[in-house]
Each structure stands twice: as structure tokens, then as C-alpha cells.
Amino acid sequence: MKIKFTKMHGAGNDFIVIDAVRQSVNLTAEQYRQLADRRFGIGADQILIVERPSQAGIDFRYRIFNSDGGEVEQCGNGARAFVKFVVEKGLTEQREIRVETMSGVISPRLEDDGQVTVNMGAPVMALERVPFDANGLQASQVGQVTLWPIDVNSQSIPFAVLSMGNPHAVQWVANVDDAPIAVQGPMIEHHARFPRRVNAGYMQVVDRHLIRLRVFERGAGETLACGTGACAAAVAGILRGDLDSPVAVDTRGGRLTISWQGGDAPVMLTGSAVSVFEGSFES
């Protein structure tokens, strides 16, 4: 059976988007891995599935599969592609929708200028909800952020640990271009203190409204941009006293803008979403 898809990206974070409302989709983890393969498949960081909602008051269900075939809780850049896809495909006439994910409900909105803003909800700092095992660690407090010393490759590195619907460990670096992401990234992702693995963020503060960011994503490796990673880094920087909202986040794939008023206020993520091409594959 042929399944139609659209290739999209948000700041270079690229996706295969599949409509499971108008066609039957029942793929295995191995099939997702094959689709995401950049040499033998279509190629993508994540595969996004558009489904009918499972609860009242919600417009769609949003499922995310990483390039390793595993299903994950959240993807901020993908949420921007999601709302643009459902509007362009005529699945909705609304420019702002409510979407259920594994981690809760988010509200992406297609702006008049083509940019997309996503209400990502409030950041989660409770360690058991990240989840993160801090047993035996001595944390330090800098500003309003708690930094946890984690051993990585025989080096103790202070991290801000939080969830934006998925787990993040953010560290500060002098220059992201020199950050040892290829070596450290897999070690942090699979660190024993993160039972569900973690996204590893490297943040360089440029000024109070601008950071540079690279992220080694759980199940995907380093990507050109990570929406939830941008949110996590901005929140950590604001809490530490380095940043003020709004924060421009320069990634290798483009610029994202994060706004957060602190506390239980939602984190707002704004950036582009681009359709690249369409096609079909045999399932």
C-alpha cells in the first residue's frame, strides 16, 4: 500500500509528515528507521504522524518518532510543521489548534506572516518528572536555577535539568563551535541518571537577548535545530540571570525566538515551518 507524505523542516530540523486521518498508517519501529535513513530512505530527524484526537475539545493527535524508530513525547519544531501541514492540507480551517501529545496538550498557531508560534506549556523542574536521578549529588544554586554536577567522560559538568515535555540537560559553553558534542553527546544522552535518556544542550550566551545553541537530540543525534532544546536553554538562562525574555536562539539551521515570563507561565516558541516536497512510499 502506498502512503503519501510531505517533507518539511523547521530551522533545518527536518521531518517526514504523514496524514493518518485520510489514510491508514500502521508502521513499525523498523519502518520508521528505514524512512528516516538519509541514504536508503527519505531522510529525516523525526517522523510526524497526524491522527484524529482521542479526547473531546482537541483538534488532532500528534505522534513523534525519532530517526531511531522510538516514539517520543514532544518536538517543538515539529509542532510548527504540524500546524502548517494541517492548514495547507485542508484538514482544518483554524489557524490555531489544540493538539494532544504524549506529554500533554499544546497550541500551535500559524501567524499571518507565515511564522508559527507554539504554546509549549510551563517548564517542568521537578526531577521525578524529567526524570532525573539526583541521588548522592550535591547541587549548586546560581540565581534561581539549580545546577547538577554530572560526571561525563571523567569530567564533572554542571547542568540545568528540566523538561519541556521531554527531558533536557543544558550546559553553558564559551563557544558552541568548540563544544565536544560528538564525544559528549552520546554519553549524556545515555547517562544512567536519565532513565528515559536525555537531550543534551550546549548554550553560548551572546548577550541578554541572544544565545547560540547546539543540541544532541535523544534518538536522533545532533540536529540543525531543536525547538524544545531552545525552550529549555532559554528558561535555564533566564533562571540563572543571564537572559531576559524574549530570547533569540541562533541554531545551525536558523533563528528561533523564545518568550517566557517565569514561574508557571507557558513558554512560547516562534519560528518558521517550510514544506520542501511531497511523495509516497510503499508500506
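Residue numbers restart at each chain and count upward from 1, following the sequence in its written direction. Residue-level local features of this predicted model are given only where pLDDT is at least 70; pairs of side-chain atoms are given and counted only at 80 or more, and the full residue set underlies all totals for whole chains, interfaces and linings. As a rule here, side-chain values cover all heavy atoms of the structure and leave hydrogens and water aside.

Draft legend 1. Geometry of the packing of aromatic side chains. Whether two aromatic rings pair depends on their centres lying within 6.5 Å, for rings of Phe, Tyr and Trp, where Trp uses its six-membered ring; planes under 30 degrees apart make the pair stacked, over 60 edge-to-face, and the rest tilted. The final tally for this structure, using the stated rule, is seven aromatic pairs. For the ring pair Tyr 32 and Phe 65, a centre distance of 4.0 Å and an interplane angle of 15° mean the geometry is stacked. Pair noted here: Tyr 32 is in helix α1 (residues 29-36) and Phe 65 is in strand β4 (residues 60-66), with a separation of 33 residues, a long-range link. Judged by relative accessible area, which is 7%, Phe 65 ranks as buried. Between the aromatic rings of Phe 132 and Phe 194, the centroid separation amounts to 4.9 Å while the plane-to-plane angle is 40°, which identifies the pairing as tilted. Of the two residues, Phe 132 sits in the loop between β8 (116-119) and β9 (140-142) while Phe 194 sits in the loop between α3 (181-189) and β13 (199-207), which places them 62 residues apart along the sequence. Its relative accessible area of 3% is what places Phe 194 among the buried residues. An aromatic cluster of three or more residues is present, and its members are Phe 5, Phe 277 and Phe 281. We call a charge positioned above a ring when the Lys NZ or Arg CZ atom is no farther than 6 Å from the ring centre and deviates by at most 35 degrees from the ring normal. Across the ring face of Trp 172, the terminal group of Arg 240 is positioned such that the distance to the ring centre comes to 4.3 Å. Numbering of helices and strands runs from the N terminus; a helix is a DSSP stretch of H or I covering at least four residues, while a strand is a stretch of E covering at least two. Throughout, exposure labels follow a simple rule: accessible area from a 1.4 Å probe, protein chains only, divided by the maximum for the residue type, with under 20% read as buried, over 50% as exposed, and the rest as partly exposed.

Draft legend 2. Molecular detail of the environment of Ile 258. Relative to the elements of secondary structure, Ile 258 occurs in strand β17 (residues 254-259). Taking the C-alpha atoms as reference points, Ile 258 and Gly 227, separated by 31 residues in sequence, lie 9.2 Å from one another. The contact criterion used is simple: two residues touch if any of their non-hydrogen atoms lie within 4.5 Å. Setting aside residues up to four positions removed in sequence, Ile 258 forms contacts with Ala 230, Cys 231, Ala 234, Ser 245, Pro 246, Val 247, Val 249, Val 267, Met 268 and Leu 269.

Draft legend 3. Seen up close, the side chain of Gln 74. When you line up the elements, Gln 74 lands in the loop between β5 (71-72) and α2 (76-88). Judged by its relative accessible area of 4%, Gln 74 is buried. Pairs of N or O atoms are called polar contacts if they sit within 3.5 Å, as long as, within protein, a hydrogen donor faces a hydrogen acceptor (for residues adjacent in sequence, only side-chain-to-side-chain pairs). Reaching out from Gln 74, the side chain makes a polar contact with the side chain of Ser 103 at a distance of 3.4 Å.

Draft legend 4. Spatial organisation of unusual backbone geometry. Going from Val 130 to Pro 131, the amide bond is cis rather than trans, its omega being -5°. Inspection of the secondary structure puts Pro 131 in the loop between β8 and β9. Between Ser 245 and the following residue, Pro 246, the backbone shows a cis peptide bond with an omega angle of 0°. Relative to the assigned elements, Pro 246 resides in the loop between α4 (227-240) and β16 (247-251). The residue Asn 153 is not glycine, and still its phi comes out positive at about 55°.

Draft legend 5. Looking closely at the pairing of β17. Where β16 lies against β17, five bridges are found, and the strand directions are antiparallel. Each bridged residue has a counterpart across the sheet, and for Val 249 the counterpart in β17 is Leu 256. From the end of β16 to the start of β17, which pair antiparallel, there are two residues. We call two strands paired when DSSP finds no fewer than two bridges between them. Bridge count between β17 and strand β18 (residues 268-271): three bridges; the pairing is antiparallel. When the bridges of β18 are listed, Ser 259 appears paired with Met 268.

Draft legend 6. Local environment of α4. Here, expected helix span is obtained from the residue count minus one, scaled by 1.5 Å. Here α4 is 14 residues long and its end C-alpha atoms lie 20 Å apart, about the 20 Å a rise of 1.5 Å per residue gives. Of all 14 residues that make up α4, 13 are buried, and the element is covered over most of its length. Gly 241 occupies a position one or two residues after α4 and carries a positive phi of about 95°.

Draft legend 7. Region of the structure containing a nonpolar patch on the surface. On the surface, a nonpolar cluster with roughly 230 Å² of combined accessible area is contributed by Val 274, Val 276 and Phe 277. Locating Val 276 in the fold gives a position in strand β19 (residues 274-282). A patch consists of residues whose relative accessible area exceeds 30% and which take part in no salt bridge; residues with like charges are grouped when within 9 Å of each other, and nonpolar side chains (Val, Leu, Ile, Met, Phe, Trp, Tyr) when within 5 Å. In these tables, accessible area is a Shrake-Rupley quantity obtained with a 1.4 Å probe, and a residue counts as shielded only by the protein chains included in the view. The salt bridge criterion pairs a side-chain nitrogen of Lys or Arg with a carboxyl oxygen of Asp or Glu, the two atoms within 4 Å.

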